[in-house]
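Descriptive analysis of the structure
Listed below, chain by chain, are the residues.
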Amino acid sequence: SQKIEQNSEALNIQEGKTATLTCNYTNYSPAYLQWYRQDPGRGPVFLLLIRENEKEKRKERLKVTFDTTLKQSLFHITASQPADSATYLCALANSGYALNFGKGTSLLVTP
Amino acid sequence: DARVTQTPRDKVTEMGQEVTMRCQPILGHNTVFWYRQTMMQGLELLAYFRNRAPLDDSGMPKDRFSAEMPDATLATLKIQPSEPRDSAVYFCASGSSGNTEAFFGQGTRLTVV
């Protein structure tokens, strides 16, 4: 069966450090992979998309890598801030199909 | 400020009652998704429409759930009869076929007692 796995344990890091979140998948041949941020009581908000033929994508302090051989994406937040504290969701879809989401990893950045 | 609008924000209902959740996608978007979120299961895809036609509703319990798009500005998700296990946050999201990101509404928090 298709699975999207994210670390269920919360990630606690100190302000200024780099946060790295992992997304692993099985039984998908995704055309692209996306990362979303979700704050309590709100809907997910799109952050970044990376396509199957791309290895890395950057946006300001965010960086995403995509390894289709390992079936893994890494999401990095550099120079993390307390405002980055949220749950981060990985999402992917086979071409023409709807997005499926991982359960998310909670990030807490402490001053 | 374009956004997906969901109503109601909160709904408490008794087991056996019908529940209708509504979604207004962003104007011009032709793709609509319904997701359900719980602590245990995370975000689960219930239904997926493109140009108002259902493309995938395999994640939806067919015996009690139904999803429709009466027109391009309204999507509905109905549960009849509702059960306590349906308690969750239901999200609607919209997108355009030329752009793969999904824009989510604020969700409807459903509690069935």
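Residues numbered from 1 in each chain as written. Chains lettered and ligands numbered in written order. Predicted model: local features only at pLDDT ≥ 70, side-chain atom pairs only at ≥ 80, totals over all residues. Heavy atoms only, no water.

Residue and element names in this part refer to chain A. Relative to the helices and strands, Ser-73 is located in strand 8 (residues 72-77). Excluding its chain neighbours within four sequence positions, the residues that come into contact with Ser-73 are Leu-21, Thr-22, Cys-23, Leu-33, Trp-35, Val-64, Thr-65 and Phe-66. Engagement of the side chain of Ser-73 in a polar contact is seen with the side chain of Trp-35, the distance being 3.1 Å. (Helix = DSSP H or I, 4+ residues; strand = E, 2+ residues; numbered from the N terminus. Contact = heavy atoms within 4.5 Å. Polar contact = N/O pair within 3.5 Å; in protein donor to acceptor, adjacent residues only side chain to side chain.)

A separate point is the packing of aromatic side chains. All names here are of chain A. For the structure shown, the criterion picks out twelve aromatic pairs over all chains. Judged by centre distance (4.8 Å) and plane angle (20°), the ring pair of Trp-35 and Phe-75 falls under stacked. Separated by 40 residues along the polypeptide, Trp-35 in strand 4 (residues 30-38) and Phe-75 in strand 8 bring together distant segments of the chain. One exposure class covers both Trp-35 and Phe-75, and it is buried. Arranged with centres 5.7 Å apart and planes meeting at 75°, the rings of Tyr-36 and Phe-46 form a pair that is edge-to-face. (Phe/Tyr/Trp six-rings, centres within 6.5 Å; stacked < 30°, edge-to-face > 60°. Buried < 20%, exposed > 50% of the residue type's maximum accessible area, 1.4 Å probe, protein only.)

Once that is clear, we can look at the interface of chain B and chain A. Opposite the 17 residues of chain B that make contact, chain A presents 18 residues. Of the roughly 1400 Å² buried between chain B and chain A on both sides combined, carbon and sulfur atoms contribute 53%. The interface formed by chain B and chain A holds zero salt bridges in total. Broken down by secondary-structure element, the contributors of at least two residues to the side of chain B that touches chain A are strand 4 (31-38), strand 5 (42-50) and strand 10 (99-104) of chain B. A per-class count over the side of chain B that touches chain A returns nine nonpolar, six polar and two charged. (Buried area = accessible area lost by both parts, 1.4 Å probe. Salt bridge = Lys/Arg side-chain N within 4 Å of Asp/Glu carboxyl O. Nonpolar A, V, L, I, M, F, W, Y, C, P; charged D, E, K, R; others polar.)

This part takes up the sheet that holds strand 7 (residues 65-71) of chain B. By definition, the strands of a sheet pair up through backbone hydrogen bonds, in either a parallel or an antiparallel sense. Residues and elements named next belong to chain B. Pairing is antiparallel in the open sheet, where four strands are placed in the order 1-3-8-7. Of all strands in the sheet, those with a lone pairing partner are strand 1 (5-7) and strand 7, marking the two edges. For this sheet, the mean angle separating the axes of adjacent strands, direction not counted, is 20°. In this sheet, strand 3 (residues 19-24) lies alongside strand 1 in antiparallel orientation, the contact comprising three bridges. Its bridge partner lying in strand 3, Gln-6 is registered against Cys-23. (Pairing = 2+ DSSP bridges. Axes fitted to C-alpha atoms, helices over the stretch in contact; angles between N-to-C directions.)

The next subject is the pattern of salt bridges. Residue and element names in this part refer to chain B. One pass over the full model with this rule turns up nine salt bridges over all chains. Two residues, Lys-62 and Asp-57, come together in a salt bridge whose shortest N-O distance is 3.5 Å. A network of salt bridges, in which partner residues are shared, links Arg-64, Glu-83, Arg-85 and Asp-86.

This part takes up the sheet that holds strand 8 of chain A. All names here are of chain A. Strand order in the open sheet formed by five strands is 1-3-8-7-6, with antiparallel pairing between adjacent strands. Either end of the sheet is taken by a strand with one partner, and the two such strands are strand 1 (3-6) and strand 6 (56-59). For this sheet the average axis-to-axis angle between neighbouring strands, irrespective of direction, equals 15°.

Attention now goes to the state of the cysteines. Residues and elements named next belong to chain A. Scanning all chains against the criterion turns up two disulfides over all chains. The disulfide partner of Cys-23 is Cys-90, and the S-S distance across this bridge is 2.0 Å. Taking the sign of the S-S torsion, about -60° here, the bridge from Cys-23 to Cys-90 comes out left-handed. With Cys-23 in strand 3 (residues 19-26) and Cys-90 in strand 9 (residues 86-94), this residue pair connects regions lying 67 residues apart in the sequence. (Disulfide = S-S within 2.5 Å.)

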